[in-house]
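Listed below are the residues making up each chain.
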Amino acid sequence: MAPGIPSPIQQQYRDDASRLEIIIVGAGLGGLGAAISILLSGHTVHILESASEIGEIGAGIQCLPNSTRVLYSWGLGEKLSQHATCPRLCNMIGWKGNKISDMDFHSYEKECGTPFWDFHRANLHMGLLERAQELGAKLTTKAKIVDVEYEGSADGESTIAIALCEDGRRFKADLIVGADGINSKCREILLGHEDPPLLTGDLAYRLLLSTEDMMKDPELKGFVEDPQVNYWIGPDAHAVNYVLRGGKLFNMVLLVPDDMPAGANTLAGNVEEMRALYKDWDPRIPKLLALCEQVHKWRLMIRPGLDPTWSHESAAFTILGDAAHATLPYLASGAGMSLEDGHVLGICLGKIKNKSIAEKKRALDVYERCRRERTERVVSRGNRQQYLYHVHDGEEQQERDRKLCAFAEFNGE
Ligand code: FAD
């Protein structure tokens, strides 16, 4: 094991008196991660997922060393490393093509102890699902949760929560964990009122290119041969790209002002409209977009925080991931935060000695205290990043670029 790489956590044994039956609502990255961590703590897990099949849409995801550390500790290092690309540099590029600065990810890896990984989401998702099932997770699909009820035990010492499915099925558990994403029903149930996510004014075009055609173009083939993460930053928009699956696929995300009609959060995008938005940018971007045949656009929304608490007073219901703190993807950290949430929740539940309300409450309080400040900071830092990336040319942009250079120089010393 390389220095800095954490050893996999061993699954705890638990007796019946302290083994909680836990339901996780949502088999996304956050829900599956929480399932692994909770199973490692010796509790049982039943995942309820509304979709009829488990899968992630085909696009890329960046995992920073904080989240790859968690993945290693769950025993997924070797398996996932086979699907991961380790980019050498992260480049900041002006929208006209001038390089502003770079960060050496390989030297960061030495500092952080764990690598920076780029994945196809399906690989990360499947890796998590297989590990959760290997540890004993039960999964029920086509189970859309619409409400949660509570029942106290006769002695008043413990509480059971009941997840109610759209089709009338009822699932009982000592604890329900809502990991149902940005449009979370669990969050609404917990709060007792509607609480839609906030608009950010931006949307994302997400596209995957086959690298075959890129390899025919001398200007584009460098993107494939030397994996790097590239950020082009410009007025009101930016673009991010990196290779996946050993150079077979090229992931691009274009972040632009939101022009989607009210009510729609994902739509098929118009390739011509997308190309028009970047026609005056670094010529390599229009060239890449010329290779794109279809695209989807996603409205970007956030959830800055949740008051008063992330958990129900009965200590039988809590939430995590995007349901609690969805952020703009401008720090590539939303999934990382949901994996960290699951990791911490599992560790806290691992300290439980019995099923009493007091024990569960103690664990959930520590979980929230460990996670709230960090995740709220990531959301507000994501908003700040939106402003900084999208500054128009002028003094403020020059000052931003000077700071990026100074930061890169300082880190490179
Ligand atoms: P989700 O992944 O949304 O999962 C929720 C699950 O719950 C789904 O399976 C859903 O079907 C299910 N569900 C919903 N409602 C119910 C219900 N009522 N009953 C049962 N099941 C239900 N993060 C990074 O760390 N790195 C990146 O590079 C990155 N890039 C991004 C790029 C873009 C364009 C976007 C939009 C986001 C990006 N993110 C990134 C953020 C990341 O995708 C999310 O933060 C992460 O997927 C959240 O995971 P989650 O499990 O909380 O929610």
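Residues numbered from 1 in each chain as written. Predicted model: local features only at pLDDT ≥ 70, side-chain atom pairs only at ≥ 80, totals over all residues.

1. Re the overall build of the protein
When you go through the protein residue by residue, the secondary structure sums to 14 helices and 18 strands. In terms of overall size, the protein behaves like a compact globule, its C-alpha atoms giving a radius of gyration of 22 Å where 413 residues would be expected to give roughly 22 Å. Summarising its shape, the C-alpha atoms of the protein cover approximately 70 × 50 × 40 Å along the three principal directions. Expressed as a percentage of the 413 residues in the protein, the buried residues total 44%. (Helix = DSSP H or I, 4+ residues; strand = E, 2+ residues; numbered from the N terminus. Rg over C-alpha atoms; globule rule 2.2 N^0.38 Å. Buried ≥ 20, exposed ≤ 12 C-beta atoms within 10 Å, placed from the backbone.)

2. Looking at the site of the ligand
If you check the shell around the ligand, you find 34 residues, and the closest are G26, G28, G181, G321 and G334. Of all the elements in the fold, those that place two or more residues in the shell around the ligand are α1 (29–40), β3 (60–63), β12 (198–210), α11 (322–325) and α12 (334–349). The greatest single-element share of the shell around the ligand, amounting to four residues, is contributed by α12. (Near = placed C-beta within 6 Å.)

3. Some details on the packing of α12 against helix α13 (residues 357–389)
Between α12 and α13, whose axes approach to 8 Å, the crossing angle comes to 165 degrees. Regarding the angle of α12 to α13, the classification is roughly antiparallel. For the pair α12 and α13, the crossing hand works out as right-handed. Taken together, the residues of α13 that come into contact with α12 (itself represented by M337, D341, V344, L345, C348 and L349) are A363, V366, Y367, C370, R371, T375 and V378. Its residues assigned to classes, the contact of α12 with α13 shows 10 nonpolar, one polar and two charged. (Axes fitted to C-alpha atoms, helices over the stretch in contact; angles between N-to-C directions. Parallel < 35°, antiparallel > 145°, perpendicular 65-115°, else oblique. Left-handed = near helix turned anticlockwise from the far one by under 90°. Contact = placed C-beta atoms within 7 Å. Nonpolar A, V, L, I, M, F, W, Y, C, P; charged D, E, K, R; others polar.)

4. Notes on the pairing of strand β13 (residues 229–234)
Across the six residues of β13, five count as buried, placing the element largely inside the fold. Here strand β4 (residues 89–94) runs beside β13; their pairing, made up of five bridges, is parallel. Directly across from I93, in β13, lies its bridge partner W232. Bridge count between β13 and strand β14 (residues 237–244): five bridges; the pairing is antiparallel. Bridge assignment links I233 to a residue of β14, and that residue is H238. (Pairing = 2+ DSSP bridges.)

5. A closer look at the sheet that holds strand β10 (residues 170–173)
Spatial ordering of the open sheet is given by β8-β9-β10, a layout of three strands whose pairing is antiparallel. Since the sheet does not close on itself, it has two edges, and those belong to β8 (145–152) and β10, each with one partner. The mean angle between the axes of side-by-side strands here comes to 25 degrees, regardless of whether they run parallel or antiparallel. The sheet contact formed by strand β9 (residues 159–165) and β10 spans four bridges and is antiparallel. Bridging across to β10, I162 finds its partner in K172.

6. Focus on unusual backbone geometry
A cis amide bond, omega 0 degrees, links D307 with the succeeding residue P308. Position of P308 among the secondary structure elements: in the loop between β17 (295–302) and β18 (317–319). Unusually for a residue other than glycine, R245 sits at a positive phi of about 45 degrees. Among the structural elements, R245 can be located in the loop between β14 and β15 (249–257). Overall, R245 belongs to the partly exposed group, with 19 C-beta atoms counted inside 10 Å. Residues other than glycine seldom take positive phi values, yet A332 does so here, at roughly 50 degrees. Under the C-beta neighbour-count criterion, A332 is labelled buried, with 22 such atoms within 10 Å.

7. Focus on the UniProt feature "transmembrane region" (unreviewed entry) in the protein
The UniProt entry lists residues 20–40 under the feature "transmembrane region" (unreviewed entry), expressed in the numbering used here. Secondary structure over residues 20–40 splits into 57% helix and 24% strand, and the C-alpha atoms at its two ends are 12 Å apart. (UniProt positions renumbered as here; feature names shortened; annotations may be inferred.)

8. Quick word on the sheet that holds strand β1 (residues 21–25)
With parallel pairing, five strands are arranged side by side in an open sheet as β7-β2-β1-β11-β18. In the strand order of this sheet, the two ends are held by β7 (138–140) and β18, each with one partner. Mean inter-strand twist for the sheet, computed between neighbouring axes without regard to direction, equals 20 degrees. The pairing of β1 with strand β2 (residues 44–48) spans five bridges and is classified as parallel. Opposite V25, over in β2, you have L48 as the bridge partner.

9. Focus on the packing of helix α2 (residues 65–73) against α12
It is at 9 Å that the axes of α2 and α12 come closest, and there the two elements cross at 40 degrees. Compared by their axis directions, α2 and α12 come out oblique. Remark: the crossing between α2 and α12 carries left-handed chirality. Across from N66, S67 and V70 in α2, the residues of α12 making contact are G336, L339, E340 and H343. Taken together, the residues of the contact of α2 with α12 sort by class into two nonpolar, four polar and one charged.

10. Quick word on the environment of E109
Tracing the chain through its elements places E109 in helix α4 (residues 105–112). Spatially, the C-alpha atoms of E109 and C86 are 9.8 Å apart, while their sequence positions differ by 23 residues. The contacts of E109, once residues within four sequence positions are left out, are P65, P115 and F116.

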